[in-house]
Amino acid sequence: MDFTPNETQKLIQNSARDYANRVIMPEAAAIDREERFPREILKGLADLGLMAVNVPEALGGVAAGSVAYSLAMQEVARACASTAVTMAVTNMVGEVIATFGTEEQRQKYNPRLADGSFAAGAFALSEPEAGSDPGSMRTTARRDGDSWVIDGQKQWITSGAHAGVMVVWARTGDRESLPGTRGISCFLVEGGTPGLKVGKAEDKMGIRGSNTVGLTFEGCRVPSSALLGEINGGFKIAMMALDGGRIGISSQAIGIGRAALEESVAYAKDRKQFDRPISEFQAIQWKLADMQVELDSAHLLCMRAAWLKEQRRPFSREASMAKVFATEAANRICNRAVQIHGGYGYTREFAAERHLRDVRVTTIYEGTSEVQRIVIARSVLS
Ligand SMILES: Cc1cc2nc3c(=O)[nH]c(=O)nc-3n(C[C@H](O)[C@H](O)[C@H](O)COP(=O)(O)OP(=O)(O)OC[C@H]3O[C@@H](n4cnc5c(N)ncnc54)[C@H](O)[C@@H]3O)c2cc1C
């Protein structure tokens, strides 16, 4: 067993760390405060190849693999969770198109996602009435001559107002003969397509620099070439994409948790009470120790899932295990970080407060913790 990153992985990790430390981290508090979509920072990530880490070079990516992607994501999330989730979804959209797209679709969209010509990609699965249960979605796409016409509503779409291309799921089969997840197809819709309306940005607890919107499709016409994959085969694409996406969100949570731990260590060494640094109190030391144990455990679970994906072996259960553990552990870690900072941790003066708000969503999106446990239990019982 070798835990040392190879040369490519180290290169990607180091360039992500350097950019995160130099450019992203100094802006993170302002991005949060101003709810600023960090367009220039995202372009910088694209220039480093970090918007298409696991996409073939022929399509503009750096083909560095899933482990390298996870390491890069951790570095970016350690600096700014909002930037990280935008990067995560864009990478996921690029991978979906590279994996399931026709050559024409790949050539049309992958290079632009990779080089930052598109500020971001978006993944439009959830709806107001269909979250954990995407099989209950109501958005439809009907064939009309050489086009598809999409009608319906999507909810919670990350980067929906900025995306150059969105992967959109819609019902193409009739509910009677193809109920639930069977009659769903997948389409590539460009930002600004007539008939696509972007709703107002959600006023969120955290990741306030990431854009989250509802989308309304009213007679939104796309060419027949916009169908991604097989007709009525869209659900499989969504599930495969989300398996990979869960590695991304585990990595995001680990990055946020790492920032919280590092800041807690620095604060505990600096802050004095009862004439000594609080780091000398065992109550604080044990919190720090637990934070480190949980972070390392999360990292190992995440690395295993990423490695399996890279080996093209089944990784669905492992990705869910990584996600449920890493995101819940990171929530505990960020909560402890606020405790270690005392009253100051409850103010915007210290990043611990932002980390706790940012990390909260990680147990919710890309499948809630409850949904991950369903996936794991099914596998355990099978
Ligand atoms: C900031 C943000 C960004 C997002 N970005 C995107 C995006 O880019 N694209 C996208 O498509 N979606 C996105 N989402 C949506 C996200 O994936 C959903 O919020 C999530 O899947 C949960 O769906 P829901 O909110 O409708 O909750 P619900 O499904 O209504 O769940 C509510 C509660 O019930 C629980 N529950 C539901 N079913 C079961 C069950 N069978 N057993 C046990 N418990 C259950 C859930 O775990 C949860 O605790 C985003 C959400 C947020 C908050």
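Scroll up to find the structure.
Only a predicted model underlies this, so the values are computations on that prediction, with no experimental measurement involved. (Residues numbered from 1 in each chain as written. Predicted model: local features only at pLDDT ≥ 70, side-chain atom pairs only at ≥ 80, totals over all residues. Heavy atoms only, no water.)

## Concerning the pattern of salt bridges
No. 1: Using the criterion set out here, one finds 22 salt bridges in the structure.
No. 2: With its nearest N and O atoms 2.9 Å apart, the salt bridge here joins Glu262 to Arg78. Of this pair, Glu262 sits in helix H6 (residues 234–270) while Arg78 sits in helix H3 (residues 65–79), placing them 184 residues apart in sequence.
No. 3: Ionic pairing is found between Arg106 and Glu103, a salt bridge with its closest N-O pair at 2.9 Å. Of this pair, Arg106 and Glu103 both sit in helix H5 (residues 103–114), 3 residues apart, which is roughly one turn of the helix.
No. 4: Overlapping salt bridges, with partners in common, bring together Asp32, Arg348, Glu353 and Arg357 in one network. (Salt bridge = Lys/Arg side-chain N within 4 Å of Asp/Glu carboxyl O. Helix = DSSP H or I, 4+ residues; strand = E, 2+ residues; numbered from the N terminus.)

## Topic: the packing of helix H8 (residues 316–340) against helix H9 (residues 351–359)
No. 1: Put simply, H8 and H9 touch, their axes get as near as 9 Å, and they point 155 degrees apart. In terms of orientation, H8 lies roughly antiparallel with respect to H9. Every pair of crossing elements has a handedness; the one defined by H8 and H9 is left-handed. Within the contact between the two elements, H8 uses Ala330, Asn331, Cys334, Asn335, Ala337 and Val338 and H9 uses Ala352, Glu353, His355, Leu356 and Val359. (Axes fitted to C-alpha atoms, helices over the stretch in contact; angles between N-to-C directions. Parallel < 35°, antiparallel > 145°, perpendicular 65-115°, else oblique. Left-handed = near helix turned anticlockwise from the far one by under 90°. Contact = heavy atoms within 4.5 Å.)

## Description of the site of the ligand
No. 1: Residues in close proximity to the ligand total 18 residues, the closest being Phe123, Ser126, Ser132, Trp156 and Thr368.
No. 2: Glu370 is positioned with one of its side-chain polar atoms (N or O) 2.8 Å from an oxygen atom of the ligand.
No. 3: For the shell around the ligand, the secondary-structure elements that each account for two or more residues are strand E3 (147–158) and helix H10 (369–381).
No. 4: For the shell around the ligand, the leading source of residues is E3, giving 3 residues.
No. 5: Tallied by class, the residues present in the shell around the ligand amount to 9 nonpolar, 6 polar and 3 charged. (Near = heavy atom within 4 Å. Polar contact = N/O pair within 3.5 Å; in protein donor to acceptor, adjacent residues only side chain to side chain. Nonpolar A, V, L, I, M, F, W, Y, C, P; charged D, E, K, R; others polar.)

## Concerning the layout of surface pockets
No. 1: When its volume is computed, the largest pocket comes out at roughly 980 Å³.
No. 2: Of the residues contributing to the lining of the largest pocket, the split by class is 19 nonpolar, 11 polar and 8 charged.
No. 3: What the second largest pocket holds in volume is close to 670 Å³.
No. 4: Residue lining of the second largest pocket: 27 residues in total, with Asn54, Glu95, Thr99, Lys309 and Arg312 positioned closest to the centre.
No. 5: Counting residues per element, the ones that place at least two in the lining of the second largest pocket are H3, helix H4 (81–100), H6 and helix H7 (282–310).
No. 6: Residue contributions to the lining of the second largest pocket peak at 8 residues, all from H4.
No. 7: Each residue belonging to the lining of the second largest pocket can be placed in one class, and the counts come to 12 nonpolar, 8 polar and 7 charged. (1 Å grid on protein atoms, 1.4 Å probe; cavity = no way out; pocket = protein on both sides within 12 Å on 5 of 7 lines; lining within 4 Å. Points joined across faces, edges and corners; volume = space filled by probe spheres on them.)

## Here we look at H9
No. 1: Counting buried residues along H9, 7 of its 9 residues qualify, which places the element largely inside the surrounding structure.
No. 2: Buried residues of H9: Ala352, Glu353, Arg354, His355, Arg357, Asp358 and Val359, and no others. (Buried < 20%, exposed > 50% of the residue type's maximum accessible area, 1.4 Å probe, protein only.)

These figures come from the coordinates and say nothing about function on their own.
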